[in-house]
Each structure stands twice: as structure tokens, then as C-alpha cells.
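# Descriptive analysis of the structure
Chain by chain, the residues:
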Amino acid sequence: KGDLNLVFVGGAGDVDVFSLDSEGNLTPISNHELYKKKGPARGMVADNIGGTDFLFVANKHGNVVETFKILDNGSLERAALIEDTEDIHLAVGITLQVIHMKNASYLFAGGLEKETPGLSAFKINNDGSLTHIQSMKDDEKIHTDGIIGMFVHKIKGKTYLYTSGFQDNGVSSFRIYDN
């Protein structure tokens, strides 16, 4: 962020922010409480959306995805959060992946949800809030039970998302479209 190199660390109930100097030393900047003081923070990913830097956090036992605006001094300010429902798969959230498409950016979320595992997609709005686009429930054809890893790759102008299903012992590939 600017001239700052930042490190975000997800603890049991909070997120710690450190600056990182050229010799690898960490200096504490701030500490930020997670929703319901649950945590731990997992699948943290920082990205720039519409000119603003955000940190997205999968709150493993808070069953939410939290969005924090990264301020100029490196500290965080809560911008938004989205809670789990029966239609989306945010409980025991572990993995997040941002994908930038032609007209918008999207956040994909997966985790270790026991009752309704799957993969959820959200449009990232310029204020950091998330709009639910689609959720795919785990079944016998896809391996999204326990997503603990995601990878994005582009081939000949097409975008693909790969997920690993920890409980399923498999990998799934999804084509991501502009919408």
C-alpha cells in the first residue's frame, strides 16, 4: 500500500496487521476483531477493487466473509460482511479467490461446511460489499466438499477456476464467465 509492505495474520479471533521492512522485520500496526469474536481468519486475500484496497477474510467459525478496507497507514476498517444462509456455502470458510473479469471482479468462497458444502460466487462491489451471484451445492459430479485450495488460470482468453475437495479427495474445474 503506497510505500508500505504489509502482512496480515489471521488469529483465533482477530486479524493482526504488520509492516514489513526491507530486512524482513515485522512491526505491529494494528489489531482488528473479527465478527462475533469467532475466527480464526482463513483464506485472506487482498486486492484492489475500483481503486480501493480491500482485505477479504473467510471467518472460519463466524460463518461469514468479512471485507476490510485497507487504510493508507495499513490498518483496517470494516467495509462489509456477508453471512452464511441455506443458499450459500460460507460456514467454516477456508478458501477465498478473487477473479478479475472484463467488467467486474468476483470473490469465490469455499470451505469445510458440513451440512451443505459447495462453492459460492459473489460480485465485489466498489464499496467492498458482496452480491451473491451463484452457489453450487456439492454432489457426486463435483468435488467441493471441503474446498481448501483454489487456483485460477486463463487459457486462450477463457478463465478457469480449479478447486480441491478435501473431503471428496478430488479436483474440480469451473469455467468463469464475465457475469
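Before reading on, note that the structure itself is shown above.
### Notes on the pattern of salt bridges
Within the structure shown, the criterion is met by three salt bridges. The salt bridge partner of Lys1 is Asp72, with a shortest N-O separation of 3.8 Å. Of this pair, Lys1 sits in the segment before strand S1 (6-10) while Asp72 is found in the loop between strand S6 (64-70) and strand S7 (76-83), placing the two residues 71 residues apart along the sequence. Where salt bridges share partners, they join Lys1, Asp53 and Asp72 into one cluster.

### Some points on the sheet that holds strand S10 (residues 118-124)
Pairing is antiparallel in the open sheet, where four strands are placed in the order S8-S9-S10-S11. Since the sheet does not close on itself, it has two edges, and those belong to strand S8 (93-100) and strand S11 (130-137), each with one partner. Here the strands of the sheet are splayed against their neighbours by 20° on average, with no regard to which way each runs. Where S8 meets strand S9 (residues 105-111), seven bridges bridge the pair, whose relative direction is antiparallel.

### Here's the deal with the sheet that holds strand S2 (residues 14-20)
Read from one edge to the other, the open sheet built from three strands follows the order S1-S2-S3, with strand pairing classed as antiparallel. Each edge of the open sheet carries a strand with a single partner, namely S1 and strand S3 (26-33). On average, each strand axis in the sheet is inclined to that of its neighbour by 25°, with strand direction left out of account. As defined by bridge partners, S2 adjoins S3 across seven bridges and the pair is classed as antiparallel. Its bridge partner lying in S3, Val17 is registered against Ser30.

### What about the packing of aromatic side chains?
Aromatic ring pairs are described here by two measures, namely the spacing of the ring centres and the angle between the planes. One pass over the structure, following the stated rule, counts one aromatic pair. On the basis of an interplanar angle of 40° and a centroid distance of 6.2 Å, the ring pair of Phe54 and Phe56 is categorised as tilted. The pair formed by Phe54 and Phe56 is uniform in burial state, with each residue classed as buried.

### Concerning the nonpolar core
Within soluble globular proteins, side chains that are nonpolar generally end up buried alongside one another. Counting residues in each nonpolar core, the largest one holds 16 residues, and the members touching the most others are Phe56, Val65, Leu96, Leu107 and Leu130. Looking at this core, the elements that each hand over two or more residues are strand S4 (41-49), strand S5 (52-59), S8, S9 and S10. Among the elements that make up this core, the one with the highest residue count is S5 (three residues). Every residue in contact with Leu130, bar those within four places of it in the chain, is listed here: Phe56, Val65, Thr67, Ile82, Leu107, Phe122, Lys123, Ile124 and Asn125. The next biggest cluster of nonpolar side chains, apart from the first, holds 13 residues, and it includes Met101, Ala104, Ile142 and Leu161.

### A few points about the pairing of strand S14 (residues 170-176)
Only one face of S14 is covered, namely the face carrying Gly170, Ser172, Phe174 and Ile176; the face carrying Val171, Ser173 and Arg175 is uncovered. Where strand S13 (residues 158-165) lies against S14, seven bridges are found, and the strand directions are antiparallel. In the sheet register, Leu161 faces S14, and the bridge partner there is Phe174. As consecutive antiparallel partners, S13 and S14 are separated by four residues, and within that stretch Asn169 has a phi angle of approximately 55°, a positive value.

### Some words on the environment of Ser30
Considering the arrangement of structural elements, one finds Ser30 in strand S3. The class for Ser30 is buried, based on a relative accessible area of 18%. When the C-alpha positions of Ser30 and Asp178 are compared, they lie 36 Å apart, and in sequence the two are 148 residues distant. When near neighbours in sequence (up to four residues on either side) are disregarded, Ser30 contacts Val15, Asp16, Val17, Ser75 and Leu76. Looking at Ser30, its side chain comes within polar contact range of the side chain of His32, at 2.7 Å.

### Describing the pairing of S13
Pairing between strand S12 (residues 147-155) and S13: eight bridges, direction antiparallel. Paired with Gly149 across the two strands is Ser164, which belongs to S13. Hairpin connection of S12 to S13: two residues between the antiparallel strands, including Lys156 at a positive phi of 50°.

Quick notes on the rules
- Residues numbered from 1 in each chain as written.
- Predicted model: local features only at pLDDT ≥ 70, side-chain atom pairs only at ≥ 80, totals over all residues.
- Heavy atoms only, no water.
- Salt bridge = Lys/Arg side-chain N within 4 Å of Asp/Glu carboxyl O.
- Helix = DSSP H or I, 4+ residues; strand = E, 2+ residues; numbered from the N terminus.
- Pairing = 2+ DSSP bridges.
- Axes fitted to C-alpha atoms, helices over the stretch in contact; angles between N-to-C directions.
- Phe/Tyr/Trp six-rings, centres within 6.5 Å; stacked < 30°, edge-to-face > 60°.
- Buried < 20%, exposed > 50% of the residue type's maximum accessible area, 1.4 Å probe, protein only.
- Core = buried A, V, L, I, M, F, W, Y, C linked by side-chain atoms within 4.5 Å.
- Contact = heavy atoms within 4.5 Å.
- Polar contact = N/O pair within 3.5 Å; in protein donor to acceptor, adjacent residues only side chain to side chain.

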